[in-house]
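# Chain and residue survey
Listed below are the residues making up each chain.
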Amino acid sequence: MNDAKMRDGIIQRGRTWSYVVRERDPQTGKTKPRWVGGFATRKAAKDARDSARHAVNRGTYVAPQNLTVGEYLDRWIAAHSVELKPSTAKSYRDNIARYLKPTIGHERVQALSPSRLSVLFADLYGKGGKDGKALSPRTVEFARAVLRRAMQDAVLDRIIEVNPVVGTKRPTVVKPKHTTWTGAQLQAFLGGLIETDRWASLWTLAAATGMRRGELMALKWARVDLEAGVVHVEQSVTQIGQERHYVTPKNHERRSVTIDPRTVATLKAWRKAQLAERLAWGAAYRGDEGLVFTWEDGRPVLPDFVTKAFGSLTAGVDGVPRIKLHELRHTHATILLRDGVPVHVVAKRLGHKDPSVTLNVYADAIPDDDGRAVDTFTKAVWGA
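What you see as residue numbers is a count from 1 along each chain, following the sequence as written. In keeping with the predicted nature of the model, local features appear solely for residues at pLDDT of at least 70, side-chain atom pairs appear and are counted solely at 80 or more, and the whole-chain, interface and lining totals rest on all residues. In computing side-chain properties, one takes all heavy atoms of the structure into account and sets aside hydrogens as well as water.

### Notes on the sheet that holds strand 5 (residues 230-233)
Two strands qualify as a pair provided DSSP detects at least 2 bridges between them. Put simply, DSSP marks the helices as runs of H or I at least four residues long and the strands as runs of E at least two long, and each gets a number from the N terminus on. The strand order 4-5-8 describes an open sheet built from three strands, whose pairing is antiparallel. Each having just a single partner strand, strand 4 (224-225) and strand 8 (255-258) make up the two edges of the open sheet. In this structure, strand 5 lies alongside strand 8, joined through four bridges in antiparallel fashion. Residue pairing across strands places Val 231 opposite Val 257, the latter belonging to strand 8.

Here is the structure:
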C-alpha cells in the first residue's frame, strides 16, 4: 500500500477512493482494520468513514458484506419456522418463493432502500401475478409484512443498520366484502336440505358459534359440555398437504362459547349417532382422539374436505345465496351485531383479542342507533 497517498485513513486506488476503519472483534475485544472502497470522490469516502467511525463508537457499526436477499431469506425462514405455526411457515415460504426471491433475491441486503422497495411493491401490485397480472393489495401487503419482519431480524443480526421496509409506500388494502345470510336464510338452510346431510351438526355449530374451520375440526367431546351448553375452544387444526397439524387458536385466544338449546339438541343427536357407529365398527374403529366430527370409522376429517363439502351443499339451496364456509362465521357475527348485541360480547365469541378488530371487520353490520340513543337519554334525564 502506498502510504504517501493515504491521509486520515483515506487512500486513492486507481479512479476510486477507499477508507479504513477499525472494528472490534466481539470474541477477542481487539480491533482490526477493515478497508471499504469504491467511492467516486475523496469527500464521499471521508463522509462514509466518518459515519463508520461514529457507528463504531456507538457500537452500531455494520461491516459491509455481499449477502444477498435470497440467501438471507433462506437462512431466516429456516431459523424461524420452528416458532411459527406450520400453516404460517408454509405461507411465508410460498410468499418468499413467489414474490420476493424472483424480484430482489439477487440484490444485496445492504443495498436495499425504501425507494427501491416501494418500486418493488408497486410492480408486484401492477404485474406481480401469474402471466403478468395484477396482485391483490392484500397479497402485496403480506409480502411487505414478511420482508419487514425478515429485515428487522437482519438489523438485530447486525447485517444492516436500519430496516429498509420501514418508510416504504404501502398498497391500498381494500376491505373484502363478505356475503352473509339473514336469520331467515340460515334457518331455511339448517332446517331444509341438510337434515339428511352427515355434517348437519357441523354446519349448525359453525353458524351458532362463529368458530373457525380449524377450531371446529379440532374440537373434542371432552371440551363440549352439553349439559351446561358451553363449548371450550382450546385448539385448532391446520392442513398441510394431506396431514393435520394441531395448533393453538388464532391469536392464542382460548375461549368458552355458550350455545343455544337447538344446537345442544343437534349435537346430542350427533353424539348418539357417532356412538352407534363406534359400536358397529368395533375394534376397527379409529376414533381414539375423541374428535366431535369424524368419518363413520372414526377417522379425522381433513379441513379442506369440509370447505368443499359446504360449498357444494350451498350451491343446491334455492333462494339462498351461495356462501363460503368461513362466511358462516361472518353470518353469526352480523346477525348478533344487527340485533344490538354489544361489540365486546361478539368479539369474545369470535376470539378477537381486541373488540376494535370486530368493529373494523363488521362496521357495516352495526346499526346506526342515534335516534335510539336520544330516546334513551331523554327517558333517563327527563322521564319522558
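On we go from here.
### Examining the nonpolar core
Ranked by size, the top nonpolar core spans 36 residues in total, and within it Trp 203, Leu 205, Phe 293 and Leu 328 carry the most contacts. Those elements that place two or more of their residues in this core are helix 6 (183-191), helix 7 (200-209), helix 8 (213-218), strand 5, helix 9 (261-281) and helix 10 (303-314). The dominant element in this core, judged by the number of residues it contributes, is helix 7, at five residues. The next biggest cluster of nonpolar side chains, apart from the first, holds 31 residues, and it includes Val 69, Ala 89, Leu 120 and Val 146. We define a nonpolar core as any set of buried Ala, Val, Leu, Ile, Met, Phe, Trp, Tyr and Cys residues linked to one another through side-chain atoms lying within 4.5 Å. The classification of residues rests on relative accessible area computed with a 1.4 Å probe and restricted to protein chains. Under 20% of the type maximum is buried, over 50% is exposed, and intermediate values are partly exposed.

### Thoughts on the pairing of strand 7 (residues 243-247)
Pairing of strand 6 (residues 236-240) with strand 7 involves five bridges; the strand directions are antiparallel. Looking at strand 7, one finds that Ser 236 is bridged to Val 247. The loop that links strand 6 with its antiparallel partner strand 7 comprises two residues; one of these, Gly 241, has a positive phi angle of about 70 degrees.

### With respect to the packing of aromatic side chains
Any two of the Phe, Tyr and Trp rings considered here, Trp counted by its six-membered ring, make a pair once their centres fall within 6.5 Å; the pair's planes then place it as stacked at under 30 degrees, edge-to-face at over 60, or tilted in between. In the structure shown here, the tally under the stated rule is eleven aromatic pairs. Every member of this aromatic cluster is reached through a ring pair, and the members are Trp 199, Trp 270, Phe 293, Trp 295 and Phe 305. Counted as over-ring charges are cases with an Arg CZ or a Lys NZ within 6 Å of the ring centre that also lie within 35 degrees of the ring normal. Lying over the aromatic face of Trp 199, Arg 198 brings its terminal NZ or CZ to 5.2 Å of the ring centre.

### Quick look at the packing of helix 3 (residues 86-104) against helix 5 (residues 137-156)
When two helices pack together, you describe them by how their axes are tilted relative to each other and by the distance separating the axes. One can describe the packing of helix 3 onto helix 5 by two numbers: an axis separation of 10 Å at closest approach and a directional angle of 90 degrees. Judged by the angle between their axes, helix 3 and helix 5 are roughly perpendicular. Seen from helix 3, the contacting residues are Ser 91, Tyr 92, Asn 95, Ile 96, Tyr 99, Leu 100 and Ile 104; seen from helix 5, they are Thr 139, Phe 142, Ala 143, Val 146, Leu 147 and Arg 149. When residues are sorted by character, Ala, Val, Leu, Ile, Met, Phe, Trp, Tyr, Cys and Pro go into the nonpolar class, Asp, Glu, Lys and Arg into the charged class, and all the rest, Gly among them, into the polar class. In terms of residue class, the contact of helix 3 with helix 5 is made up of nine nonpolar, three polar and one charged. To obtain an axis, a line is fitted to C-alpha atoms, over the contacting stretch when the element is a helix, and the angle between two such axes runs from 0 to 180 degrees between their N-to-C directions. Angles below 35 degrees are treated as roughly parallel, those above 145 as roughly antiparallel, those between 65 and 115 as roughly perpendicular, and all remaining angles as oblique. The criterion used for residue contact is that any of the two residues' heavy atoms lie within 4.5 Å.

### A few points about a nonpolar patch on the surface
A contiguous nonpolar surface patch, about 390 Å² in accessible area, is contributed by Phe 377, Val 381 and Trp 382. Checked against the element boundaries, Trp 382 lands in helix 14 (residues 370-382). Nonpolar side chains (Val, Leu, Ile, Met, Phe, Trp, Tyr) within 5 Å and like charges within 9 Å form the patches, drawn only from residues with over 30% relative accessible area and no salt bridge. Here the accessible surface of atoms and residues is derived via Shrake-Rupley with a 1.4 Å probe, and residues count as covered only by protein chains that are part of the display. When a carboxyl oxygen of Asp or Glu lies within 4 Å of a side-chain nitrogen of Lys or Arg, that pair is called a salt bridge.

### Re the environment of Arg 338
Summarising the element assignment, Arg 338 is placed in helix 11 (residues 326-338). Through-space distance from the C-alpha of Arg 338 to that of Tyr 362 is 9.8 Å; in sequence the pair is 24 residues apart.

### Quick look at helix 11
Given a helix with a known number of residues, its expected span is that number minus one, times 1.5 Å. An ideal rise of 1.5 Å per residue puts 18 Å on 13 residues; helix 11 measures up with 19 Å between its terminal C-alpha atoms. For helix 11, the full list of buried residues reads Glu 327, Leu 328, Arg 329, His 330, Thr 331, His 332, Ala 333, Thr 334, Leu 336 and Leu 337. Lining the buried residues of helix 11 we find helix 6, helix 7, strand 8, helix 10, helix 12 (343-350) and helix 13 (355-361). At the exit of helix 11 stands Gly 340, carrying a positive phi of roughly 90 degrees.

### A short note on the side chain of Ser 201
Along the polypeptide, Ser 201 turns up in helix 7. Setting aside residues no more than four positions away along its own chain, Ser 201 makes contact with Thr 266, Leu 267, Trp 270 and Phe 293.

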